[in-house]
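Secondary and tertiary structure notes
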Amino acid sequence: MKKYLFLLFYLLPFTGYSQHIRHFIFFSRDRHLLQDSAFYNNPGVAGAQVTYPWRKLEPRKDVYDFSEIESDVLFLASKGKKLFMQLQDVTFDSTINAVPAYLLTDPVYSGGQAAQYGITKEGKAIKAGWVMRRWDDAVLRRFHLLIEKLAERFDGRIEGINLAETAVDFPKVEGLVPQGFTPEAYLEGVKKNMRAVKQYFRQSTGLLYANFMPYDSRADLVALYDYAVKINMGMGGPDIKVYREAQMQNSYPLIRSLAGKVPTGVAVQEGNYSVIHPKTGKPVTEHDILDFATDYLKLDYIFWCTEAPYYKEKVLPLLTSLGR
């Protein structure tokens, strides 16, 4: 026995990868892909991360439909896998809403959501999606009630729950800044959402995707990470872009600083597999992404997206090797 333990100790350092990282596949809303045996038979995969828009979970006020989540939890459990729920209150398509219809029509909620905008090279503002009014207490009370209801049903049954990214685009142009919005109110609203997750989810891991704050305020971003330590809330973000300058100047060092203090997790999302590595000048490989996640970010969770051809040709074989 001592001989085998020695060999194990001797070989582990040469794997190059942390043995504690849990790997999930990010399916977004493509829930049908959970049925793929290449996913659920992979020994290196801990489970699935699936996006559930608030609008889908509360089709009418005080009427909740958690059937999709329940179905996914049961299916994954039958395969020895776990669910990581992404609770979505934001979209990146102006034709799609993430919040329930009643928020849009009841004046108590001031529209329930706010438009995000992108600015073209010509200076024209174009709608780029919608985000819940995260600074509006009337809206937050409804959102927190949803979190409470979800926890009653799924706390301890799912691996975790993450809130969508903090980055929002409200250009400082007259008519484009939402009613009642201020960076200060936004920061406090995000903190309230963090508290709600921690209050109701006592067993499952809670994460906030905190990548950027309005108007690129690093002070506000730091405040969120400091608050996460205070309440023991997990943190992370939506992209692993290997040594990308914008993230290195914002969220990445903050995520790294939380290693061993609170859970941390970051998603490999569409486009991340083809990022140019600044140190090699070549597109990153799946090993580069894992090295960065392990050695620099020191993550507890990685959520790999299903972008073709990388997912089937590169990611699943890598995770299979790790599972062995």
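Residues numbered from 1 in each chain as written. Predicted model: local features only at pLDDT ≥ 70, side-chain atom pairs only at ≥ 80, totals over all residues. Heavy atoms only, no water.

1. Considerations on empty space enclosed by the protein
Applied cut-off: Only protein atoms enter the 1 Å grid used here. Points where a 1.4 Å probe fits but cannot escape make up a cavity, open sets with protein on both sides within 12 Å along at least five of seven lines make up a pocket, and a residue lines them when an atom lies within 4 Å of a point. Grid points are joined across faces, edges and corners, and a volume is the space filled by probe spheres set on the points. Three classes are used: nonpolar for Ala, Val, Leu, Ile, Met, Phe, Trp, Tyr, Cys and Pro, charged for Asp, Glu, Lys and Arg, and polar for all others, with Gly counted as polar.
What the rule picks out here adds up to one cavity of 30 Å³ or more. Its volume calculated, the largest cavity comes out at about 70 Å³. Considering the residues around the largest cavity, the lining is formed by Asp89, Arg134, Phe143, Leu163, Ala164, Thr166, Tyr186, Val190, Asn193 and Leu208. The residue inventory of the lining of the largest cavity, partitioned by class, reads six nonpolar, two polar and two charged.

2. Observations concerning the layout of surface pockets
Keep this limit in mind: By the criteria applied, helices consist of DSSP H or I runs no shorter than four residues and strands consist of E runs no shorter than two, each listed in order from the N terminus.
Considering only enclosed or pocket space, the largest pocket measures out at about 540 Å³ in volume. Within the residue set of the lining of the largest pocket, elements represented by two or more residues are strand S1 (22-28), strand S2 (47-53), helix H3 (54-57) and strand S3 (82-88). When residues of the lining of the largest pocket are assigned to their parent elements, the largest contribution, three residues, is made by S1. Residue classes in the lining of the largest pocket are distributed as 11 nonpolar, eight polar and eight charged.

3. Description of the side chain of Ser204
Quick note on the threshold: Type-normalised accessible area, obtained with a 1.4 Å probe on protein chains alone, sets the label of each residue: buried when under 20%, exposed when over 50%, and partly exposed for intermediate values. N or O atoms within 3.5 Å of each other form a polar contact, as long as, within protein, one can give a hydrogen and the other can take it, and as long as residues adjacent in sequence are counted only when both atoms are side-chain atoms. Contact between two residues is taken to exist if any of their heavy atoms lie within 4.5 Å; hydrogens are not considered.
Within the secondary structure, Ser204 is located in the loop between helix H7 (183-200) and strand S7 (205-209). Relative accessible area serves as the criterion here: at 7%, Ser204 is assigned to the buried category. At 2.7 Å, the side chain of Ser204 and the backbone oxygen of Ile158 are in polar contact. For Ser204, the residues in contact, after removing those within four places along its chain, are Phe154, Asp155, Gly156, Arg157, Ile158, Glu159 and Gly160.

4. Quick word on helix H12 (residues 310-323)
Here is the rule: To estimate how far a helix should extend, the number of its residues minus one is multiplied by 1.5 Å. Bend at a residue means the angle formed by two fitted axes: the first through the 7 residues ending at that position, the second through the 7 residues beginning there.
Helix length check: H12 (14 residues) gives 18 Å between terminal C-alpha atoms against 20 Å at 1.5 Å per residue, within 8%. At Leu316, H12 shows its largest bend, some 25°, and a proline, Pro317, comes one to four positions later. Of all the residues in H12, the buried ones are Tyr311, Val315, Leu316, Leu318, Leu319 and Thr320. Residues of H12 that are buried in the fold lie against S1, helix H2 (37-40), helix H11 (286-297) and strand S10 (301-305).

5. Structural notes on the pattern of salt bridges
How we decide: What counts as a salt bridge is simple: a side-chain nitrogen of Lys or Arg found within 4 Å of a carboxyl oxygen of Asp or Glu.
Counted under the stated rule, the structure contains 14 salt bridges. Close ionic contact of Arg29 with Glu68 constitutes a salt bridge, the shortest N to O distance being 2.9 Å. Note that Arg29 is positioned in the loop between S1 and H2 and Glu68 in helix H4 (residues 67-78), a separation of 39 residues in sequence. According to the relative accessible area criterion, Arg29 is partly exposed, its value standing at 32%. Among the residues examined, Glu68 registers a relative accessible area of 15% and is labelled buried.

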